[in-house]
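# Coordinate inspection notes
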Amino acid sequence: MSGTKPDILWAPHQVDRFVVCDSELSLYHVESTVNSELKAGSLRLSEDSAATLLSINSETPYMKCVAWYLSYDPECLLAVGQANGRVVLTSLGQDHNSKFRDLIGKEFVPKHARQCNTLAWNPLDSNWLAAGLDKHRADFSVLIWDICSKYTPDIVPMEKVRLSVGETETSLLVTKPLYELGQNDACLSLCWLPRDQKLLLAGMHRNLAIFDLRNTSQKMFVNTKAVQGVTVDPYFHDRVASFYEGQVAIWDLRKFEKPVLTLTEQPKPLTKVAWCPTRTGLLATLTRDSNIIRLYDMQHTPTPIGDETEPTIIERSVQPCDNYIASFAWHPTSQNRMIVVTPNRTMSDFTVFERISLAWSPITSLMWACGRHLYECAEEENDNSLEKDIATKMRLRALSRYGLDTEQVWRNHILAGNEDPQLKSLWYTLHYILFMKQYTEDMDQKSPGNKGSLVYAGIKSIVKSSLGMVESSRHNWSGLDKQSDIQNLNEERILALQLCGWIKKGTDVDVGPFLNSLVQEGEWERAAAVALFNLDIRRAIQILNEGASSGKGDLNLNVVAMALSGYTDEKNSLWREMCSTLRLQLNNPYLCVMFAFLTSEAGSYDGVLYENKVAVRDRVAFACKFLSDSQLNRYIEKLTNEMKDAGNLEGILLTGLTKDGVDLMESYVDRTGDVQTASYCMLQCMKVKSESEVAQSCPTLSDLMDCSPPASSVHGIFQGSPLDVLKDERVQYWIENYRNLLDAWRFWHKRAEFDIHRSKLDPSSKPLAQVFVSCNFCGKSISYSCSTVPHQGRGFSQYGVSGSPTKSKVTSCPGCRKPLPRCALCLINMGTPVSSCPGGSKSDEKVDLSKDKKLAQFNNWFTWCHNCRHGGHAGHMLSWFRDHAECPVSACTCKCMQLDTTGNLVPAETVQP
Amino acid sequence: MFVARSIAADHKDLIHDVSFDFHGRRMATCSSDQSVKVWDKSESGEWHCTASWKTHSGSVWRVTWAHPEFGQVLASCSFDRTAAVWEEIVGESNDKLRGQSHWVKRTTLVDSRTSVTDVKFAPKHMGLMLATCSADGIVRIYEAPDVMNLSQWSLQHEISCKLSCSCISWNPSSSRAHAPMIAVGSDDSSPNAMAKVQIFEYNENTRKYAKAETLLTVTDPVHDIAFAPNLGRSFHILAIATKDVRIFTLKPVRKELTSSGGPTKFEIHIVAQFDNHNSQVWRVSWNITGTVLASSGDDGCVRLWKANYMDNWKCTGILKGNGSPVNGSSQQGNSNPSIGSNIPSLQNSLNGSSAGRYFFPPLDSPRAGSRWSSYAQLLPPPPPPPLIEHSCDADTASLQYPHPRRRSLSRPLNPLPENEGV
C-alpha cells in the first residue's frame, strides 16, 4: 500500500463498518437503503447500500500496512505498520473502555528502521501481532509483538517490561518483541496458520517459510518466487495462496515441496489475493491498473495426497466499477460480498453472484438455482395479450378449441382471441375456400365446367388459369357523369372476387351485402373504399356520413365525405392537385387509397395496389377489377412472393393451400413458431381433398405450380396438390411438433381431439390397433371386431363366428369357445356385464350409480397389470386401487398402480379453470 | 411480467443444475454436495422433494431427464469422472406412502479420464441415447440398445474436440430432413483464439459423427450452449453463453445443392449478441417454443430475451438472482433494463452531480465522543473526494441508523473471530 493508493478493510466483527486508508484512516458505516431514501451526507455504494463517514484519523503518517484487531474489544483498534518499521496501535472508535484505552497510541519499534511490509494478528491469541519488515543486514525481519505486554506482566519476562518502561520518551514505546525470526532476510508477507496458534507462514525474500514459535530455531521452507500475499484458505487450512508478479500459486501445506497448481498468469503484476471468507474455494485476485477482479472458483475439495487430478477451476471476472480498482475487501460474513475502492476513493459495494443455473418448464415458468437456493418464476396471467409469448398463446388457444370449428371456419379466429389480423384473414380465406369449394362442386354437377379444384389453389392459380383474353369496357359511375375502364369479369375473376369476400356466390356481382356487413362491423372507411372501387361514389359518401353520425366512427369522416363529393374529373383542377398531396397525411389507409384512386391516371393504380396497410384481399379484389390480364398476373406474382417472404398469412388467399401456401406457412412458422395455426390450416387442405376425392378423376401428381400451364391441362394440374401438401414433410413435421407440444402440456384430451379431427380429414393418419388379447387356448385374438380391422390378416368369419356374434357368448373365446379368464375381484369370467362395485363404500355407490351405467362399456373392459399379469374388469380394478396399493390377487405384492409415473399424471385440462 | 418465489432447496452446497422432465411436473437438482434431489409438483403447484441421494463422489455438475416413454430415468455427471444413469423403481417398502420415491443406479459410465462436465439425453426419436462431454475434450455417445435394460449401455461414438469441453446440446429437431446433430462448447481459457463451439452431425453413410460447422467468431470460453426446440422451423437456433449472450441461426442449405454424402452445409447468421450481463454469461435456456431465451450471468441477474416479428431480439425481463425485480421496487428509478450493472452508472451520476461543498457529520453528534474528537481531523483530504454532500438534514439522518456498538458491548468478549471455520 503506497501513500497514494487506498486500501480498504472490513471490520472483522462490526459487519457494517469498514476503513479506507491511504494517507489517513477513514471509518465508514454502511447501511442498507432498500427501504429508505439515500440519506443526506451518505455516499452511495451500490443500488441498495450507502456509506456514511464516521471519523477520520490522520495521526499515523507513512502508513505501509494496516491490520484490524481481531477481537471484539476494543472497538476499531488498528495496527498500522509504518515506513520506518514502527507499528502503531490506533483507533477510530469512540470506545470509553478504560481497560484498553492505554493501548491506543502504543508503538512497537524495531531495532533498525526499515519499511514494515505486512502485519498479521494472531487469530487465536488476539494479543499477538506479527510484523514483517524489510531486510536490514543481519537483523531479524519477522517480529512478533505482544500488545498487552504491559497489562499482563506475568507472561512477559520482567526484562522486557523494564526495557519498554526504560524508554525516555513515553511508556507507550515497546522495543522488545516477543519473538524475533527470519534473520538476515526480508519478509514480504505473513499469515498465521489456523492449524496451530504458534505456526506462522511468512513469504521471505526467496522462499516461503513456516516458523514454529515453539521451536524458533526450526523452520520449514520452500524456495520459490511466489512469496507475496500469503493467505490461508479459511475453509481448507492446508491450502495457501501466494503470488509473484502476475502468477498465483496455490500450495498444499501437506505437500509443501511445490505448488499444487499455479493459476493462469496475468499480464500485469498482482496487487492483492484474498480467499472469500463466506464460501469455499473462491479466490479473488486483483492486478495493477485494472478494473476487473478476477475470481477463481475451486469447486472441489483438495484431493488427498497422491491423487494427481487437476482440480477444476472456473475462472471468472467481475467488474465492480468503471475505474481502476486500488483495493478490495471481502465482507467477513455477508455471502460473497465485497467492497472495492478506486484510487480516487470512490467505493462500491457489490456481491459476487453465484453462477445461476436455470431451466424453463414446458408450461411457462422458469426455475433457477442461485447458490443453494431455488427460485421459481411464473408468468403472470393478467398480462397484456400482445406481449404474450406464442407458447402461452398456443396454450390458451388450445384450451379454447381453436381450429376445431369446422362448420363456421371463420370463427376460429375468434377462438384464437380475435386479436391478430393475420389470423382473421387466414380463417376467412379458409372459410371462403371451403364455402366456394362446396358451391362450385354443386354447380359442377349441373354443368361440367370444373373450376372447383381451382378454389383451394388460391387466387394466383385462378388468375393464371384464365388465359382467355378479358376485354375491358367502359362502365358508368353511378351518380356521376363519368366512365372508367373496368375489366369484364370472367368466371375466374368472379371466383377471385368471391374468395376475396367482395361478392357472394353465384353470378351476382353486387357488392351490396358485403358493404352492409362492413358497415355493421363499423369498418366505415373500408366500406367506403370498396364502394368507391365499385364506382359508387354516392354510396361511399353515404357510408362515410353514416359512420360519422353513428358516434362510433371518426367525426372527421364527414370532412372526408365532403372532400369526396367535390370530386372532379378535370385533370388540372385544384381539387386533384390538393388531394394527391394531402392524401398522404391521412392516417387511415383506406381513406388514403380512395383519394389515390380518384386522382390516379387511368390504368395506373400503384397508389392503391402498393399501399401495404390495406388488407391484401381488398387490394387483390381491386386488382381483379381494374388490371388487365398481364398486369394482374404480374401484380399477383409480385404480391405472392412478398407474402411468402414475409410469412404473412393474408397471402394464403393468393397461394391457397398449395405448395406455395406451404412455403408461405413455412416462413410464418419460422417467424412466429405458431405450429398450431400451421397444423390446423394445413388440415383444412386435407378437408378440401377428402371432400373432392369423388370429383377427382385424374390422380396424377404433378408439381406444375411454378410454370404456366397450358390451358388444356388446367384441371389436371391442381388435383394432385392437396396430396402433395398433405405429404409435404414440413406439414407432417408441424403436426408432429404440435402434438408433441400438447403432450408436453398434458393436454392429452386436446391432443386426442386433434387426432380425431385429423383422422376425419386425413384417414391415413389413423393409428392401427395397438393391443390384441389372444385366447390362452387357441392363441387367436378374442376380439369380435378384428375382422373389420384391415391389417388383421385373417377374418374371424372363417372360424364360424359370423359378423353378428351373439351377445350370450361374450364370456368365451370366439375362436375356440373356451371361457375367458376370470376377473380377479368378482371372479366371473370376463366379458360379462359388471354389477356395481363390491369394494366401494355405500355412499360412493349411490353417487356413482348413474355414472356407472353410462360407463358400463368401459367398466366391462379387460384390464390387467403388465407386471404381475393379474387383472379384471376395468371398473372393478379402478375401485380396488382407489383404496389399495397392492394387487387384489392373494399373495401378489405387485404395486400395479404405482408402476407408471406418467400414468399417475392428471391431464392438465382437468385442472384448468 | 414475471414474479419469482423462493423454494427451500436444502442442498448443502451450490446447486449446479436444474432440469425439468418432459411434462414439467418433476424437477431434478444437483449440487456440489454430491447429491441429486428429485422434486414433484403437487396439484396446488408446490414443489416437494421426493428423493435425495448421494450420486457421486464429487460435485455433480449436471442432471437431465430422459423422455418419459423410457421410464423415469435421470442421468448425472460429476467431477468424479463418471456419469451415471438412474431409474426410479417402485420398491417393496411403502416409500410412496411417505411421499418418497426410490432411485437406483442402473449404470456408471467410466470412460472419461477427467471430470465429466455435461450429460444430455438425445431427442427421443433417436432412441435411448446419451451424450457426455468431459474436460479431456471428448464427447461420448452411448446407447441403450434395449430400453428395458438400462444397465447395458454401449459406447457408440467418441468424438474428439481437441479442447476441454464444458457443455453439449442435441439438436432437438425430429424432422427427417435434419440429421442428428450435437453442438459442443468449450471453456478452455488458454489465450489461443480457437473457436470454442463445434457442431457435429451424424452421417448416415459413414455412420459416424463428423464436424459440420465451427463457429469461428466464438473464441471466448463457452459456459453453456442450447439448441432451441425446433418447432417446425426450417432452421435451427443456437444460443451460446460466453462472455455475452449470442444467438445463432443455422439454416441447412438444401441438400440438392450440396454434394450428397457430405455433411450438411449451413448458412450461419448471428441474430443477436448481448453483453448486458457485463461479464461472463453462465447459462442459457429456451422455453418450449424456442421463442424466449433465459440467460444468467455474472451480474447475478436472470434476463429474458425475445424476438419481435422483425426478428429483432430484445430484453423483455430482468430479475435478480434472489428473485427480486431489478427495476420494480428499487427507488433509484433506474428503469433502463439495458444497463447491465446499475452500480457504476449510479456511482458516476453521483460523482457527476456532487460538485460542491463537502464536510463531515457534525461534531456535536451524540456519537462523537472524546476519543473520536481527539483523533478526528476536520480537514478534507487534499484532493477532496466526493464524500458527502451538504444538506440541512444531515443531523437527523446520521442519528437514524442503529448503534452498532450497543450490540457488540452486550456480548461477551470473544477472542475467536466468528467467521473462522476452525
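Residues numbered from 1 in each chain as written. Chains lettered and ligands numbered in written order. Predicted model: local features only at pLDDT ≥ 70, side-chain atom pairs only at ≥ 80, totals over all residues. Heavy atoms only, no water.

### Comments concerning the overall build of chain B
Within chain B, the secondary structure is distributed over four helices and 25 strands. Accessible surface, chain B: about 18000 Å² in total, of which carbon and sulfur atoms supply 52%. (Helix = DSSP H or I, 4+ residues; strand = E, 2+ residues; numbered from the N terminus. Areas by Shrake-Rupley, 256 points an atom, 1.4 Å probe, with all protein chains shown as cover.)

### Examining a nonpolar patch on the surface
A surface patch of nonpolar side chains, amounting to about 390 Å² of accessible area, comprises F858(A), W861(A), L878(A) and M897(A). Tracing the backbone shows M897(A) in the loop between α27 (874-883) and α28 (908-911). (Patch = residues over 30% accessible without salt bridge, like charges linked within 9 Å, V, L, I, M, F, W, Y side chains within 5 Å. Salt bridge = Lys/Arg side-chain N within 4 Å of Asp/Glu carboxyl O.)

### Some thoughts on the side chain of D674(A)
All names here are of chain A. Examined against the element boundaries, D674 turns out to sit in the loop between α19 (659-672) and α20 (675-692). Judged by relative accessible area, which is 0%, D674 ranks as buried. Here the side chain of D674 touches T677 through a polar contact of 2.6 Å, side chain to side chain. Beyond its immediate chain neighbours, meaning those up to four positions away, D674 contacts I390, M394, R397, L423, Y668 and V669. (Buried < 20%, exposed > 50% of the residue type's maximum accessible area, 1.4 Å probe, protein only. Polar contact = N/O pair within 3.5 Å; in protein donor to acceptor, adjacent residues only side chain to side chain. Contact = heavy atoms within 4.5 Å.)

### Quick word on unusual backbone geometry
Glycine aside, the phi torsion of most residues is negative, and most peptide linkages are trans. Residue and element names in this part refer to chain A. For E245, which is not glycine, the phi torsion reads 50° and is therefore positive. For E245, a relative accessible area of 42% gives the class partly exposed. Positive phi outside glycine occurs at R746, with the angle close to 60°. Inspection of the secondary structure puts R746 in the loop between α23 (729-744) and α24 (748-761).

### A short note on the environment of T175(A)
Residues and elements named next belong to chain A. In this structure, T175 sits in the loop between β13 (173-174) and β14 (179-183). On the basis of relative accessibility, which here comes to 25%, the residue T175 falls in the partly exposed class. In this structure the C-alpha to C-alpha distance between T175 and D349, which are 174 residues apart in sequence, comes to 40 Å.

### Some points on the state of the cysteines
Joining two cysteines, a disulfide is a covalent bond between their sulfur atoms. The tally for this structure, following the rule as stated, stands at zero disulfides over all chains. Unpaired in this structure, C823(A) has its nearest cysteine sulfur neighbour in C826(A), at a distance of 3.7 Å. Cysteine C133(B) remains unbridged, with the sulfur of C165(B) as its closest cysteine sulfur at 5.0 Å. (Disulfide = S-S within 2.5 Å.)

### Focus on the pattern of salt bridges
Applying the stated rule across the entire model yields 48 salt bridges over all chains. Residues joined in a network through salt bridges with shared partners are K460(A), K644(A), D660(A), D663(A), E666(A), D728(A) and R730(A).

### A few points about the sheet that holds strand β14 (residues 165-170) of chain B
Working definition: the strands of a sheet are paired by backbone hydrogen bonds and lie parallel or antiparallel to each other. All names here are of chain B. Reading across the sheet, the four strands line up as β14-β15-β16-β17 and stay open at both edges, with antiparallel pairing between neighbours. Of all the strands in the sheet, just β14 and β17 (208-214) have a single pairing partner and so form its edges. Across this sheet, the average inter-strand angle for adjacent strands is 30°, counted without regard to direction. (Pairing = 2+ DSSP bridges. Axes fitted to C-alpha atoms, helices over the stretch in contact; angles between N-to-C directions.)

### Topic: the packing of helix α13 (residues 574-582) of chain A against helix α14 (residues 589-599) of chain A
For any two helices packed against each other, the geometry comes down to the angle between their axes and how far apart the axes lie. All names here are of chain A. Running from amino to carboxyl end, α13 crosses α14 at an angle of 140°, the nearest separation of the two axes being 9 Å. Relative to α14, the element α13 is oriented oblique. For the pair α13 and α14, the crossing hand works out as left-handed. Here W575, R576, C579 and S580 of α13 come into contact with α14, specifically with F595, L598 and T599. (Parallel < 35°, antiparallel > 145°, perpendicular 65-115°, else oblique. Left-handed = near helix turned anticlockwise from the far one by under 90°.)

### Brief notes about α14(A)
All names here are of chain A. Counting buried residues along α14, eleven of its eleven residues qualify, which places the element largely inside the surrounding structure. Burial in α14 covers these residues: P589, Y590, L591, C592, V593, M594, F595, A596, F597, L598 and T599. For α14, the N-terminal capping position is held by N588, with its side-chain oxygen 2.7 Å away from the main-chain nitrogen of Y590.

### Some points on the packing of aromatic side chains
Residues and elements named next belong to chain A. Under the counting rule described, the total for this entry stands at 36 aromatic pairs over all chains. Here Y680 and Y738 contribute two aromatic rings whose centre-to-centre distance is 5.8 Å and whose plane-to-plane angle is 65°, an arrangement assigned as edge-to-face. Taken together, the residues span a long stretch of sequence, with Y680 in helix α20 and Y738 in helix α23 at a distance of 58 residues. Under the relative-accessibility criterion, Y680 is labelled buried at 3%. Here Y738 falls in the buried class, since its relative accessible area comes to 1%. Taken together, the ring pairs in this structure connect W502, F533, F597, Y605, F622 and F626 into an aromatic cluster. The ring of F221 carries K219 above its face, with NZ or CZ at 5.3 Å from the centroid. (Phe/Tyr/Trp six-rings, centres within 6.5 Å; stacked < 30°, edge-to-face > 60°. Lys NZ or Arg CZ within 6 Å of the ring centre and 35° of its normal.)

### What about the pairing of strand β25 (residues 293-298) of chain A?
All names here are of chain A. β25 sits mainly inside the fold: five of its six residues count as buried. The pairing of strand β24 (residues 282-287) with β25 spans five bridges and is antiparallel. Across the sheet, residue L283 finds its bridge partner in β25, namely Y296. Hairpin geometry of β24 and β25 is characterised by an intervening segment of five residues between the two adjacent antiparallel strands and by a positive phi of about 50° at D289. For β25 and strand β26 (residues 313-318), the ladder comprises six bridges, and the chain directions are antiparallel. Looking across to β26, one finds that M298 is bridged to I313.

### Some details on the sheet that holds strand β24 (residues 301-307) of chain B
Residue and element names in this part refer to chain B. One open sheet accounts for four strands, arranged β22-β23-β24-β25; its pairing is antiparallel. The sheet terminates laterally at β22 (281-286) and β25 (313-320), the two strands that pair on one side only. Along the sheet, successive strands turn relative to each other by an average axial angle of 20°, direction set aside. Here five bridges tie β22 to strand β23 (residues 292-297), and the two strands are oriented antiparallel to one another. The residue of β23 that forms the bridge with V281 is G297.

### Looking at the nonpolar core
All names here are of chain A. Counting residues in each nonpolar core, the largest one holds 116 residues, and the members touching the most others are I459, F597 and M665. It is helix α5 (residues 421-446) that contributes the most residues to this core, nine residues altogether. For F597, the residues in contact, after removing those within four places along its chain, are W477, L532, F533, L535, Y605, V608, F622 and F626. Among the nonpolar cores identified, the runner-up in size contains 22 residues, and I104, F108, L129 and C148 belong to it. (Core = buried A, V, L, I, M, F, W, Y, C linked by side-chain atoms within 4.5 Å.)

### Digging into helix α9 (residues 512-520) of chain A
Residues and elements named next belong to chain A. Turning to α9, its buried residues are G512, F514, L515, L518 and V519. Looking down the long axis of α9, one finds its buried residues gathered within 160° of arc, a one-sided arrangement. Those residues of α9 hidden inside the fold are in contact with α10 (524-533) and α11 (537-549). Positioned one or two residues after α9, G522 has a phi angle of 80°, which is positive. (Arc of directions from axis to C-beta.)

As far as function goes, none of this settles anything; it's purely spatial.
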